[in-house]
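Each chain, written out:
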Amino acid sequence: MVRKTEARELRPVNPATLEPVSAPEEVAEAVSDARLAAAHWAQSSFVERRALLGAVAAAVLDHAEEIAATVTAETGKPLVESYTAELFVALDNLVWAASSAGGVLRPERVRYPQPHLRHKRGWLLYEPLGVVGVISPWNFPFGIPFTQAAFAVAAGNAVVVKPSELTPLSGAWVERLFPNGLVRVVQGGGEVGEALVRAPGTAKVVFTGSGETGRRVASLAGERLRPVTLELGGKDPMLVFEDADLDRAVAGALWGAFANCGQVCSGVERIYVARPLQEAFVEELARRARGLRIGRGEELGTALGPLITEEQRARVEELVDDATGRGAELRLGGARPDVDLPGWFYEPTILTGVEREVRIEREEIFGPVVTVTAFGDEDEAVRLANGSSFGLGASVWTRDLDRARRLARRLDAGSVWTNDVSYSYGTGQASWGGTKESGYGRTHSKHGLYELSRVKFADLDRGRVPVPWWFPYDEGVLEGFRGMAGMLYGEGLGRRLGSAWRHRRGMLALGRRYFSRL
Ligand code: NAD
């Protein structure tokens, strides 16, 4: 829990005792406890992991009402979103990881067609890392840390989660739902996060948050040669082509830009519309956005809750003021709404005529604000979309699936959706992650499981076949390898046989050495 008095005086407190939470010194202790749990869990079979994760899914369902209520109380987001974007996200990822980890991470046979290695038996083994440190943000305060923890546990690890200091109660649920001490939660701000990155027992850090903090986490981890996955900010473009279903595109933009009050890493922040459609699009988007109900998340029918802090609202206001001061046209919003609540609300806001170099077009806004710009042709649309330092997601709105396929390749982003946005975070099988300043590494999907594992190559050899490149070295062996190089790796049969013939003496010497040792 956090006393939101003034933005600069956020004080994380223990939700049970209301005392200040984890001191950085306690983090190392939590990590070392988790190591014991990890050592035991690493020995578990995939059947056991599946059973344990099944029990976690049941616990989530048993407590669904309480978890959703906690999330809505801490963030102000509509209750429906606490279900769709938190509980559903958590459960889908959990269930996928539980049922897929065994298939993805089972030992993989490595085969050798090379004649001199044919007798070998190679395997790729995917082993747990140990303790995974998960540092998470406030915008999906249950869905994100839970999902990261579920994948890590499915891969055989234990986890220490550091939730955002703005949403500690939602984060605390994650620990409560996993048995056997497999997931611990440490509460506090940046200093507690840093202690988790530094703790000697932390094998890897999965960080979700802002680019600024991500850089700090990566450099701290880098000093310790500790791997990190960085899920950072975004500034997702939405490309609406002339053949798009306008009604669906507007509905998608409305949700993509204003769900969670715009506080979504893959939220739509830049809309590019084919020029002939632009005016109709903006008018319809503004008409529907005007109808979105602003208020308490607990009240059904509320579409927009407040921003998370006063500071965040001030930042949104600053970006909008800067844009209008530099010639942007305010088509809707741009002010605090008239609601009978003291919270940090802001109207859904639409801007047009924003120049590319203006801050609001370059920086992550993280509020209910979207810019709409016209484009001429596909090349221009791609240039505009890719002309950002971020690369988390992008969406293409068209009836032409060939165009969609083409653009999926051309857009520089970790995920590209067609006639939809963001949904794939809520599925286990789709990879998640960004390019450029949106971070590196992948979570979710088989790649998420691989990144939570240590790959080991294991070679099994009965030790009966001689190794031709061992000592002694002599002229015959050198000549033999000259011939072998061409014979094994040359292009075409003629070249291969030619090489063997040219170096036949050396090849015979190599053969003698080989057979004499059998
Ligand atoms: P933030 O960077 O301020 O905080 C994220 C977490 O890092 C919090 O738990 C915070 O306490 C912790 N932290 C702060 N300083 C730290 C330090 N020095 N060392 C270690 N940990 C530290 O981000 P936020 O405001 O909580 O979240 C919003 C940001 O997260 C946005 O940029 C958003 O786009 C991004 N985000 C990205 C994704 C994604 O999947 N790519 C998802 C959600 C949010």
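Each value, and the rule that gives it
- Residues numbered from 1 in each chain as written.
- Predicted model: local features only at pLDDT ≥ 70, side-chain atom pairs only at ≥ 80, totals over all residues.
- Heavy atoms only, no water.
- Helix = DSSP H or I, 4+ residues; strand = E, 2+ residues; numbered from the N terminus.
- Buried < 20%, exposed > 50% of the residue type's maximum accessible area, 1.4 Å probe, protein only.
- Contact = heavy atoms within 4.5 Å.
- Areas by Shrake-Rupley, 256 points an atom, 1.4 Å probe, with all protein chains shown as cover.
- Lys, Arg positive; Asp, Glu negative; His and termini not counted.
- Charge placed at Lys NZ, Arg CZ, Asp CG, Glu CD.
- Near = heavy atom within 4 Å.
- Polar contact = N/O pair within 3.5 Å; in protein donor to acceptor, adjacent residues only side chain to side chain.
- 1 Å grid on protein atoms, 1.4 Å probe; cavity = no way out; pocket = protein on both sides within 12 Å on 5 of 7 lines; lining within 4 Å.
- Sits in = over half its atoms within 2 Å of the grid points.
- Nonpolar A, V, L, I, M, F, W, Y, C, P; charged D, E, K, R; others polar.
- Domains from an automatic or database assignment.
- Pairing = 2+ DSSP bridges.
- Axes fitted to C-alpha atoms, helices over the stretch in contact; angles between N-to-C directions.
- pLDDT = per-residue confidence, 0-100.
- Phe/Tyr/Trp six-rings, centres within 6.5 Å; stacked < 30°, edge-to-face > 60°.
- Lys NZ or Arg CZ within 6 Å of the ring centre and 35° of its normal.
- Points joined across faces, edges and corners; volume = space filled by probe spheres on them.
- Core = buried A, V, L, I, M, F, W, Y, C linked by side-chain atoms within 4.5 Å.

A word on the overall build of the protein
Working step 1: In terms of helices and strands, the protein carries 18 helices and 20 strands.
Working step 2: When the 518 residues of the protein are sorted by exposure, 54% land in the buried category.
Working step 3: Within the protein, contacts between residues separated by at least 24 positions form 71% of all contacts whose residues are at least 6 apart in sequence.
Working step 4: With an accessible surface of roughly 23,600 Å², the protein has 53% of that area assigned to carbon and sulfur atoms.
Working step 5: Of the side chains in the protein, 63 bear a positive and 66 a negative charge, and the two mean positions are spaced by 13 Å.

Details of the site of the ligand
Working step 1: Surrounding the ligand, one finds 30 residues, the nearest of these being Lys-162, Glu-165, Ser-210, Thr-213 and Glu-364.
Working step 2: Lys-162 places a side-chain nitrogen or oxygen 2.5 Å from an oxygen atom of the ligand.
Working step 3: Residue Thr-213 places a side-chain N or O atom 2.7 Å away from an oxygen atom belonging to the ligand.
Working step 4: The pocket occupied by the ligand, as judged from atoms lying within 2 Å of grid points, is the largest pocket.
Working step 5: Counting residues per element, the ones that place at least two in the shell around the ligand are α7 (190-198), β8 (202-208) and α8 (211-223).
Working step 6: The residue inventory of the shell around the ligand, partitioned by class, reads 12 nonpolar, 12 polar and 6 charged.
Working step 7: The residues that make up the shell around the ligand include at least three from each of domain 1 (31-113 + 128-232 + 446-456) and domain 2 (236-425).

Thoughts on the sheet that holds strand β13 (residues 349-352)
Working step 1: Overall, mixed pairing links the 7 strands, which are arranged β12-β13-β14-β11-β10-β16-β17 in an open sheet. Strands with a single pairing partner mark the edges of an open sheet, and in this sheet they are β12 (329-332) and β17 (415-418). Strand-to-strand twist across the sheet, computed as the mean angle between neighbouring axes with direction ignored, equals 25°.
Working step 2: As defined by bridge partners, strand β10 (residues 236-240) adjoins strand β16 (residues 393-397) across 3 bridges and the pair is classed as parallel. Considered in β16, the bridge of Val-240 is made with Trp-397.
Working step 3: Against the sheet, helix α9 (residues 246-258) makes contact with β10, β11 (268-274), β13, β14 (369-375) and β16, and its axis sits at roughly 170° relative to β10, the strand it touches most.

Observations concerning the confidence of the model for the protein
Working step 1: Residue-level pLDDT values for the protein average 95, and 96% of them are 70 or greater.
Working step 2: For residues 1-10, every residue scores under 50 in pLDDT, and the model assigns this stretch 27 contacts once sequence neighbours within four places are set aside.

So, the packing of aromatic side chains
Working step 1: In the structure shown here, the tally under the stated rule is 9 aromatic pairs.
Working step 2: Ring centres 5.4 Å apart and planes at 45° place the aromatic pair Phe-146 and Phe-178 in the tilted group. With Phe-146 in helix α5 (residues 143-154) and Phe-178 in the loop between α6 (168-177) and β7 (183-185), this pair connects stretches of sequence that are 32 residues apart.
Working step 3: A relative accessible area of 5% places Phe-178 in the buried class.
Working step 4: Ring geometry for Tyr-425 and Trp-432: centres 4.9 Å apart, planes at 85°, overall edge-to-face. Like Trp-432, Tyr-425 is buried.
Working step 5: Grouping aromatic residues by their ring pairs yields a cluster made of Phe-142, Phe-146 and Phe-178.
Working step 6: In this structure, Arg-109 is placed above the aromatic ring of Trp-123, and the distance from its NZ or CZ to the ring centre is 6.0 Å.
Working step 7: A cation over an aromatic ring shows up here: Arg-176 above the ring of Trp-173, its NZ or CZ 3.9 Å from the ring centre.

A word on the domain arrangement of the protein
Working step 1: Looking at the protein, the domain boundaries give domain 1 (31-113 + 128-232 + 446-456), domain 2 (236-425) and domain 3 (475-512).
Working step 2: Each of domain 2 and domain 3 has a C-alpha centre, and the two are 64 Å apart.

Observations concerning the layout of surface pockets
Working step 1: Estimated volume of the largest pocket: approximately 1,200 Å³.
Working step 2: What lines the largest pocket is a set of 45 residues, and nearest its centre among them are Pro-137, Trp-138, Gly-209, Ser-210 and Thr-213.
Working step 3: Counting residues per element, the lining of the largest pocket draws most heavily on α8, which supplies 7 residues.
Working step 4: Residue composition of the lining of the largest pocket, grouped by class: 19 nonpolar, 15 polar and 11 charged.
Working step 5: For the lining of the largest pocket, the domains that each give at least three residues are domain 1 (31-113 + 128-232 + 446-456) and domain 2 (236-425).

With respect to the nonpolar core
Working step 1: Among the nonpolar cores identified, the biggest contains 70 residues, and Phe-142, Phe-146, Val-153, Leu-177, Phe-178, Val-183 and Leu-449 are the most heavily contacted of them.
Working step 2: Considering every element that reaches this core, the biggest residue donor is helix α4 (residues 79-104), with 9 residues.
Working step 3: Membership of the second largest hydrophobic core comes to 41 residues, among which are Met-238, Ala-244, Ala-249 and Val-320.

Thoughts on unusual backbone geometry
Working step 1: The amide bond that connects Phe-471 to the next residue, Pro-472, takes the cis arrangement and shows omega of 0°.
Working step 2: Looking at the secondary structure, you find Pro-472 in the loop between β20 (453-460) and α16 (475-489).
Working step 3: Of note, the phi angle at Asn-260 is positive, near 55°, even though the residue is not glycine.
Working step 4: The residue Asn-260 is located in the loop between α9 and β11 in this model.
Working step 5: Classification of Asn-260 as buried rests on a relative accessible area of 5%.

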